[in-house]
Amino acid sequence: MKVANSLRSLKKRHRDCRVVRRKGRVYVINKTQRRFKARQG
């Protein structure tokens, strides 16, 4: 999982990436290509 200040570029790595909020943190998840994961902060 990558940690970044901004998730805009990480969201564009794959077309199935979704931005979700969990436990006060912002994550990028991908159901089809699970290696594309990121967290903001």
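Please read all numbers here as calculations on a predicted model, not as lab measurements.

Calculation criteria
- Residue numbers run consecutively from 1 along every chain, following the written order of its sequence.
- Whole-chain, interface and lining totals are the exception, using all residues; otherwise, since this is a predicted model, local features are given only for residues with pLDDT of at least 70 and side-chain atom pairs are given and counted only at 80 or more.
- Hydrogens are left out, water is left out, and the side-chain values use all remaining heavy atoms of the structure.
- Only when DSSP finds a minimum of two bridges between them are two strands counted as paired.
- Strands are runs of DSSP state E lasting at least 2 residues, helices are runs of H or I lasting at least 4, and numbering of each runs from the N terminus.
- A fitted line through C-alpha atoms serves as each axis, taken over the contacting stretch for helices, and the angle formed by two N-to-C directions is quoted from 0 to 180°.

**Details of the sheet that holds strand S1 (residues 2–4)**
What holds strands together in a sheet is hydrogen bonding between their backbones, with the strands either parallel or antiparallel.
Line of reasoning, step 1. Taken in spatial order, the 4 strands of this open sheet run S1-S4-S3-S2, and their pairing is mixed. In the strand order of this sheet, the two ends are held by S1 and strand S2 (17–22), each with one partner. Across the sheet, the axes of successive neighbouring strands diverge by a mean angle of 25°, strand direction being ignored.
Line of reasoning, step 2. The pairing of strand S3 (residues 25–30) with strand S4 (residues 38–40) spans 2 bridges and is classified as antiparallel. For Tyr-27, the partnering residue across the bridge sits in S4 and is Arg-39.

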